[in-house]
Amino acid sequence: MIGRSGNPTLKDSTFENRGYGEDRYQNYMTINGTVNKAFITLIILLGSAFATWMMFFNGQEVMPLAYGGLIVGFILALIISFKPVVSPYLVPIYAVAEGMFLGALSASYESLYNGITLQAALLTMAVFVALLMAYKTRLIKATENFKLGVVAATGGIMIMYLLSFVLGLFGITVPYLHENSLIGIGISVVIVIVAALNLVLDFDFIEGGAEQGAPKYMEWYGAFGLMVTLVWLYIEILRLLSKLRSRD
């Protein structure tokens, strides 16, 4: 069985009961192939985000693009998650939609705190590289207990965000979650750590898929799952930095 991933788009059942090992000479998933697809997806996302960013600072209205990208991205993510075979066709479109949302979100933060988006992007890449090196050198091992802990923590955070959203519709605010108090900053630090640890689970999951000889299209699916985690990590780092900057 493939190792458990905290990322909801990468789950144990993805690689099960598909008969991958019957012909190892057919086109199958590789780690290098997944890395290439992830790089392509990242370039598309950044291009879309930069276009929206420029529109924002040129005085154009980008909120419809932001909300549209968020909704379209969410729908595409659900489709891709339940139907991985469509990944090669829908993941690039998902990257465009997600880039529209991230571009508008990043520009709004940048307008409030100059230089914050560059800091968040550099920190996200630094965390990614550090955890990748730690995973490759086995300084961090994705043991079963480690996976269970990260999955449980991720689930708890998702429930907390969902609860915050629902209560917000009724004008009720969850204490500390969006505040710049020391407790609020501490909560953001914990969320950033959990988001970062999901990268380790994603690395392990993708490696397991390649070892089992998953179909070639699963490279796009693996890239998609990795991108979901990176986007989450970037947003959480952006929120943490904004809390810290607002205390100055």
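Residues numbered from 1 in each chain as written. Predicted model: local features only at pLDDT ≥ 70, side-chain atom pairs only at ≥ 80, totals over all residues. Heavy atoms only, no water.

- Per an unreviewed UniProt entry, the protein chain goes by Bax inhibitor-1/YccA family protein and derives from Paenibacillus amylolyticus.

### Quick look at the packing of aromatic side chains
- Applying the stated criterion across every chain, the model contains six aromatic pairs.
- Measuring from ring centre to ring centre gives 5.7 Å for F128 and F203, while their planes differ by 75°; the resulting arrangement is edge-to-face. On the criterion of sequence distance, the pair formed by F128 in helix α4 (residues 116-136) and F203 in helix α6 (residues 182-211) is long-range, its members being 75 residues apart.
- The class of F128 is buried, set by a relative accessible area of 18%.
- An angle of 45° between the planes, with centres 5.9 Å apart, marks the rings of Y135 and F203 as tilted. With Y135 in helix α4 and F203 in helix α6, this pair connects stretches of sequence that are 68 residues apart. (Phe/Tyr/Trp six-rings, centres within 6.5 Å; stacked < 30°, edge-to-face > 60°. Helix = DSSP H or I, 4+ residues; strand = E, 2+ residues; numbered from the N terminus. Buried < 20%, exposed > 50% of the residue type's maximum accessible area, 1.4 Å probe, protein only.)

### Notes on helix α1 (residues 31-57)
- Taking 1.5 Å of rise per residue, 27 residues should cover 39 Å, and α1 covers 38 Å from first to last C-alpha, within 8% of that figure.
- For α1, the elements touching its buried residues are α3 (87-112), α6 and α7 (218-246).
- Measuring from the backbone nitrogen of G33 back to the side-chain oxygen at the start of α1 gives 2.9 Å, which picks out T30 as the cap.
- The first or second residue beyond α1 is G59, which carries a positive phi of 85°. (Expected span 1.5 Å × (residues − 1). Contact = heavy atoms within 4.5 Å. Polar contact = N/O pair within 3.5 Å; in protein donor to acceptor, adjacent residues only side chain to side chain.)

### What about the layout of surface pockets?
- By volume, the second largest pocket is sized at about 470 Å³.
- As for the second largest pocket, its lining consists of 20 residues, and the residues nearest its centre are L46, A49, S106, A121 and Y234.
- For the lining of the second largest pocket, the secondary structure elements donating two or more residues are α1, α3, α4 and α7.
- Tallying contributions element by element places α1 first for the lining of the second largest pocket, with six residues.
- Looking at the lining of the second largest pocket residue by residue, the class counts come to 14 nonpolar, five polar and one charged. (1 Å grid on protein atoms, 1.4 Å probe; cavity = no way out; pocket = protein on both sides within 12 Å on 5 of 7 lines; lining within 4 Å. Points joined across faces, edges and corners; volume = space filled by probe spheres on them. Nonpolar A, V, L, I, M, F, W, Y, C, P; charged D, E, K, R; others polar.)

### Structural notes on the packing of helix α2 (residues 63-82) against α3
- Two elements in contact, α2 and α3, have axes separated by 8 Å at closest approach and are oriented at 150°. As the angle between them shows, α2 and α3 are arranged roughly antiparallel. For the pair α2 and α3, the sense of crossing is left-handed. Of α3, the residues touching α2 (which contributes L65, A66, G69, L70, V72, G73, L76, A77, I79 and I80) are S87, L90, V91, I93, Y94, A97, E98, M100, F101 and A104. (Axes fitted to C-alpha atoms, helices over the stretch in contact; angles between N-to-C directions. Parallel < 35°, antiparallel > 145°, perpendicular 65-115°, else oblique. Left-handed = near helix turned anticlockwise from the far one by under 90°.)

### Details of the confidence of the model for the protein chain
- Considering every residue of the protein chain, the mean pLDDT works out to 87; 89% of them sit at 70 or more.
- When the elements of the protein chain are averaged for pLDDT, helix α5 (residues 144-168) gives the smallest value, 90, and α3 the largest, 95.
- Long-range and interchain partners of residues 17-25, a stretch whose pLDDT sits below 50, account for 15 contacts in this model, where long-range means more than four residues apart. (pLDDT = per-residue confidence, 0-100.)

### Looking at the packing of α5 against α6
- Two elements in contact, α5 and α6, have axes whose closest approach is 10 Å; the angle formed by their N-to-C orientations is 130°. Taken together, the axes of α5 and α6 are oblique relative to one another. Considering only the axes of α5 and α6, their crossing is left-handed. Contacts between α5 and α6 involve F146, K147, V150, V151, A153, T154, I157, M160 and Y161 from the former and I191, V194, L197, N198, V200, L201 and D204 from the latter.
- The class makeup of the residues in the contact of α5 with α6 is twelve nonpolar, two polar and two charged.

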